[in-house]
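# Working through the structure, step by step
Okay, here's what each chain looks like letter by letter:
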Amino acid sequence: MNERKDSDVSTDPFPTSGDERRLDLDVELERDTEGVWTPSSLPSHDEVPPHIGFWKRFRRNKVALVAAIYLVLLVLAAVFAKQLVPQNPNVQNLLQVNAKPSGAHWFGQDDLGRDVFARIIYGARISLEASFLAVALALVVALPLGLVAGFVGGWVDQVLMRISDAIQVIPALVLALVISGILGPSTTNVGLALAIVFAPGFVRLVRGQVIGVREETYIEASRSIGAKPLFIIRKRVLHNVASPLIVQAAVTFGFALLAEASLSFLGLGVQAPDASWGTMLSRAFAQVYEAGWLLWIPGGAIAITVLAFNLIGDGLRDALGTETRGA
Amino acid sequence: MASAAAPGSGVARPLLEVTDLSVAFKGHKEIVTVVDHASFSLRAGETLGIVGESGSGKTVSSLALLGLLPASARVTGSATFDGRQLVNMPARKLRNVRGNDISIIFQEPMTSLDPSFTVGNQLAEAYRNHRGGSKRAATARAAEMLRLVGIPEPQRRLGEYPHNFSGGMRQRVMIAMSLICSPKLLIADEPTTALDVTIQSQILELLKSLQAELGMAMIFVTHDLGVVASVCDQVSVMYAGQVIEQSPIDDFFTRPLHPYSAGLLDSMPQSVAKGERLRMIAGTVPPPSRIPVGCRFNPRCQYAVEACVVTAPDLEATGDGREVRCIRHAELSLEISR
Amino acid sequence: MSDATEVTGVTDGTDGTGPSGATPLLRVRGLRKIFPVRKGVLRRTVAHVRAVDGVDFDVGTGEILGLVGESGSGKSTTGRLILRLIEPTEGSVELDGKDVRALGGEQLRKARRDMQMVFQDPYSSLDPLATVADVVGEPFQVHFKMSRKERDKKVVELLEQVGLGSHHLRRFPAAFSGGQRQRIAVARALALEPKLIIADEPVSALDMSTQSQVVNLLLDLQQRLGVAFLFIAHDLSIVHHASSRIAVMYLGALVEVGDAEEIYTRPRHPYTEALLSAIPVPDPQVERDRERIVLRGDPPSPLNPPSGCRYHTRCNYAMDICSVEDPQPTPTTSGGTVACHLHTSGPTLNGRPLSELGSVQTIPVRPSTTS
């Protein structure tokens, strides 16, 4: 089925060899083995590196692009919260309890009269911090473990996989609940707990990828050159594992945000008076009969942000051209 | 059995006449033409070799005949088979032709057989799809076909699954399946490429003897000129989506008309003394998105002149039953020394 | 199956290829690889595959030895055993008189400089995410401390050697055709100036018009740089063209070794004869006239090779002894060796075995190539 690839040609713009100028005929006759139309044929085998033309492909997915812009703005807002929001999120105004949104207070005021907009922005900071901590920590732990498990195999692999099995049989939220219960309520501890919950998934993903890559001939080629295992992992395996890992990290980020909110809702996250979206939701829940609309604001923020992470994950998956193998 | 291939009728009207067959795929921005006005014809009982490198369009053109291309393909031109127009034939009617009047076998026999059904089941199913009849009759027919393709103990092997067969045996099963409805035309797409040479020679001998026995016509899609020499009567050479030469094989192998044909024949190790540098064609086949202006072969052609860069040559008949797409074919004499 | 390895006068350079007498560049003796077949949860070994089963051959300095066989013959495994990409079960591999099998980790890494490999599929042997500079420069990164600039300079030199321009340096493999990728792979193999390159089916994944380009490149390199090649392939006609000697492998064992021209025109082993006869010749006249030897059946599984001569189940000349006794390599009059009972226990004429009758047993499988 040689020709199936022909149909794909248009999707992969061929980089040219720079040899496209027409040679005059005398030269043409003497031309060496390298043809004029060099980069050619067989695009079916061709894996254009995912980072080449990444932006072009990512931009094509408008929904993911919008999600990415939203997240960038959210992160910027969280980082520059002080400059952006004049109100102090923790200043109470008991005269204006559960006030509806107005020009001065865009999202209204909560049960203690605090500015909800300010709390959402400052809350974003805490929610994102905890999620980032969870994902980053999980990656830092899981990447080397997954690489070792996949590359070395044998009993190391067996042991690591059994440990991750043991962690993964417990439902994620229950586990996170137990761990942060033991560690005590704080943002950092929520991040830690979630990292423990996420790490096994990452280990598995990395391991699966490595096992796939390990069988490639180019790894054998590196071995035949005399490359040490560490060199091979660093130079040959790592970047081939990166794409699916990035996608997975984006999706996990969304899940981390949701989990952080759940834990905070249950009182295990950040402590009063600081707010995260989960604690805000929890407070609003207590006021559901007095001010039901208050639920919508942190709830909406959580939903939209989680959705954004997932959409970006999809966009990345398309743009990086990864199907998650073996994970 | 071979009633349609009545002697004499072939001379007047070919069994399959393909004219100006073009296949284009819609890409992101542009439309990529992978087969461009291909024409060839084939008489009953005859074997045509379609030769080309990967990307030449040889497989696509054979798949196009049977409507086996993805929906994104646009097929134009004409392909008359036994008085019926195959191009743009409604899918339901085409399915009737496929496997019945025209069969196809592919390069990889493993992927063409369903691993979860027994070989007997699949063979009988293939028969009953077109001919109906009882299961028992179909199974008897299946056993007969297995015997015909040289599989020992056909009755027992009917009950086995594809994974119980070796690569060569699987290809025999595929051949049995494609011939079970006594087609008038068998299209074999690189049927031996995945096989070892000793198995390849078994399969080639088998196909030749089956053809003699059943009187069907064959189209052999291949990149191997040795295979062409051993099974074909006629050869069509494709390059970058075009047919560039059509000749009877004896003429082709001694006096090719197109510089590309000559280049291919010349680059075989047999044509130079041992230890010498092999002759070669410079460069590589252009992808469909980078087809050269003028003659498509001109950047690689050692005989190219100014005019070759400017005008795209047509496929011309030379009078002695051969056709070539080269403006200089009359002045060039490309004898193959061997 | 004890030690059937020490055999009389095996395959040495007495056939006029290069200066004989000196120690060969590569000396392989009794090379054996037995893969266990594991099944079930307990991964219990249920059977053994004798992938390579006692192979002896030499490669001289600057020589091209062709290793021919069908799939499952163990030819690719042999190549990998020599490089120790797969650990041999038994046997010795000496490069320049040094036993490669005795080398430990660091020494082995160093020794690999002298032996490099070119793989069959240039699409999977190049890391898709590494640039040409990275791929070809990898050996330098591994073995030397070198600045990026120096490395790139070396890479450009290597690319020139294989006929590629320096403007390719920052491109990814996807931008290249099969033939060009194979050139890149060859450039990588040349980087450390090896004495021996093991080329595992280097052209079989390529298009026909590019195959000859790559074969020519390998021949050039051998002549210019004096690199020796173990040219592993299934296509006897290409191997015949490129190599000075040919070794034919069947089911893990060598059945015949000898001068390339001899083997091609006067095969001594029935399997070599059949293999030659099976290759379709690009000449319709010859194809019509010749009597093709069609082998019976499929090659037996290496899981369960036949007793005695492993070829006897498909051999047209099989005698009683063939199913009982494994034939030992016997010197032929042309300086090669053949493992076949026809040459030792076979019919004799005038009291002399066939092997001594020289080129009597010729079968016209193809026209003479020198006309």
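Before reading further, recall that the structure is shown in the block above.
All figures in this text were calculated on a predicted structure; none of them were measured in a lab. (Residues numbered from 1 in each chain as written. Chains lettered and ligands numbered in written order. Predicted model: local features only at pLDDT ≥ 70, side-chain atom pairs only at ≥ 80, totals over all residues. Heavy atoms only, no water.)

### Some details on the sheet that holds strand 3 (residues 47-51) of chain B
All names here are of chain B. An order of 6-7-8-3-9-10-12-11 is seen for the 8 strands of this open sheet, with the pairing classed as mixed. Strand pairing shows two members of the sheet lacking a second neighbour, strand 6 (102-105) and strand 11 (316-317), which therefore form its edges. Here strand 7 (residues 185-189) runs beside strand 8 (residues 217-222); their pairing, made up of 5 bridges, is parallel. Bridge pairing in strand 8 links I187 to I219. Contacts from helix 2 (residues 58-65) reach strand 3, strand 6, strand 7, strand 8 and strand 9 (234-239), with the element oriented near 145° to strand 8. Along the sheet face, helix 9 (residues 197-214) touches strand 3, strand 7 and strand 8 and points at about 160° away from the line of strand 8. (Pairing = 2+ DSSP bridges. Helix = DSSP H or I, 4+ residues; strand = E, 2+ residues; numbered from the N terminus. Contact = heavy atoms within 4.5 Å. Axes fitted to C-alpha atoms, helices over the stretch in contact; angles between N-to-C directions.)

### Here we look at the packing of helix 6 (residues 135-148) of chain B against helix 8 (residues 167-179) of chain B
Residue and element names in this part refer to chain B. The N-to-C vectors of helix 6 and helix 8 enclose an angle of 130°; their axes lie 9 Å apart at closest approach. Considering the angle they form, helix 6 stands oblique to helix 8. Crossing handedness for the pair helix 6 and helix 8: right-handed. Contacts between helix 6 and helix 8 involve R141, M145 and L146 from the former and V173, A176 and L179 from the latter. By residue class, the composition of the contact of helix 6 with helix 8 is 5 nonpolar, no polar and 1 charged. (Parallel < 35°, antiparallel > 145°, perpendicular 65-115°, else oblique. Left-handed = near helix turned anticlockwise from the far one by under 90°. Nonpolar A, V, L, I, M, F, W, Y, C, P; charged D, E, K, R; others polar.)

### Some thoughts on the side chain of A:T252
Residue and element names in this part refer to chain A. By secondary structure assignment, the location of T252 is in helix 10 (residues 229-265). Here T252 falls in the buried class, since its relative accessible area comes to 9%. Each residue touching T252, except ones within four places of it in the same chain, is listed here: V135, F198 and F202. (Buried < 20%, exposed > 50% of the residue type's maximum accessible area, 1.4 Å probe, protein only.)

### Let's talk about the sheet that holds strand 8 (residues 228-233) of chain C
Residues and elements named next belong to chain C. In space, the 8 strands of this open sheet follow the order 6-7-8-3-9-10-12-11, with mixed pairing throughout. At either margin of the open sheet sits one strand with a lone partner, and together these are strand 6 (115-118) and strand 11 (330-331). Two elements, strand 11 and strand 12 (residues 337-338), share 2 bridges in a ladder whose sense is antiparallel. Opposite P331, over in strand 12, you have T337 as the bridge partner.

### What to know about a positive patch on the surface
Residue and element names in this part refer to chain A. A cluster of like positive charges, contributed by K56, R59, R60 and K62, occupies part of the molecular surface. The element contributing the most residues to the positive patch is helix 2 (residues 54-60), with 3 residues. Structurally, R60 is set in helix 2. For R60, a relative accessible area of 49% corresponds to the partly exposed category. (Patch = residues over 30% accessible without salt bridge, like charges linked within 9 Å, V, L, I, M, F, W, Y side chains within 5 Å. Areas by Shrake-Rupley, 256 points an atom, 1.4 Å probe, with all protein chains shown as cover. Salt bridge = Lys/Arg side-chain N within 4 Å of Asp/Glu carboxyl O. Lys, Arg positive; Asp, Glu negative; His and termini not counted. Charge placed at Lys NZ, Arg CZ, Asp CG, Glu CD.)

### A closer look at the packing of helix 11 (residues 277-286) of chain A against helix 12 (residues 293-320) of chain A
Residue and element names in this part refer to chain A. Here helix 11 crosses helix 12 at 150°, and the two axes come no closer than 8 Å. Relative to helix 12, the element helix 11 lies roughly antiparallel. Relative to helix 12, the crossing made by helix 11 is left-handed. Contacts from W277, M280, L281, A284 and F285 of helix 11 reach helix 12 at L294, L295, P298, G299, A301, I302 and T305. The residue inventory of the contact of helix 11 with helix 12, partitioned by class, reads 10 nonpolar, 2 polar and no charged.

### So, helix 5 (residues 119-131) of chain B
Helix length check: helix 5 of chain B (13 residues) gives 18 Å between terminal C-alpha atoms against 18 Å at 1.5 Å per residue, within 8%. Buried positions along helix 5 of chain B lie against helix 6, helix 7 (154-158) and helix 8 of chain B. (Expected span 1.5 Å × (residues − 1).)

### Considering the pairing of strand 1 (residues 16-26) of chain B
Residue and element names in this part refer to chain B. Looking at chain direction, strand 1 and strand 4 (residues 73-81) are connected through 8 bridges and run antiparallel. Each residue of the ladder has a partner; that of L16, found in strand 4, is F81. Where strand 1 and strand 2 (residues 31-42) come together, 8 bridges link them in antiparallel fashion. Bridging across to strand 2, L21 finds its partner in A38.

### Concerning the environment of A:K56
Structurally, the position occupied by A:K56 is in helix 2. Distance in space between the C-alpha atoms of A:K56 and A:A319 is 8.3 Å, their sequence separation being 263 residues.

### Structural notes on the environment of A:L295
All names here are of chain A. Topologically, L295 is positioned in helix 12. It is 8.5 Å that separates the C-alpha atoms of L295 and S282, two residues lying 13 residues apart in sequence. In this view, L295 contacts L281, A284, F285 and V288; residues no more than four positions away in its chain are not counted.

### Some words on the interface of chain B and chain C
Accessible area lost on assembly of the parts is the figure often given for the size of an interface. Each partner contributes to the interface: chain B provides 44 residues, whereas chain C provides 45 residues. The largest share of the area that chain B buries against chain C comes from B:T198, B:Q270 and B:K274, three residues that together contribute 18% of it. In this assembly, chain B and chain C are joined by 2 salt bridges. A salt bridge links B:D250 to C:R288, with the nearest nitrogen and oxygen atoms 2.5 Å apart. Applying the counting rule to chain B against chain C returns 14 residue pairs in polar contact (both at pLDDT 80 or more). Counting only elements with at least two residues in the side of chain B that touches chain C, the list comes to helix 9, helix 10 (225-231) and helix 11 (249-254) of chain B. Ranked by the residues each element gives to the side of chain B that touches chain C, the list is headed by helix 9 of chain B, at 8 residues. Per-class residue counts for the side of chain B that touches chain C are 18 nonpolar, 15 polar and 11 charged. (Buried area = accessible area lost by both parts, 1.4 Å probe. Polar contact = N/O pair within 3.5 Å; in protein donor to acceptor, adjacent residues only side chain to side chain.)

Keep in mind these values describe shape, not function.
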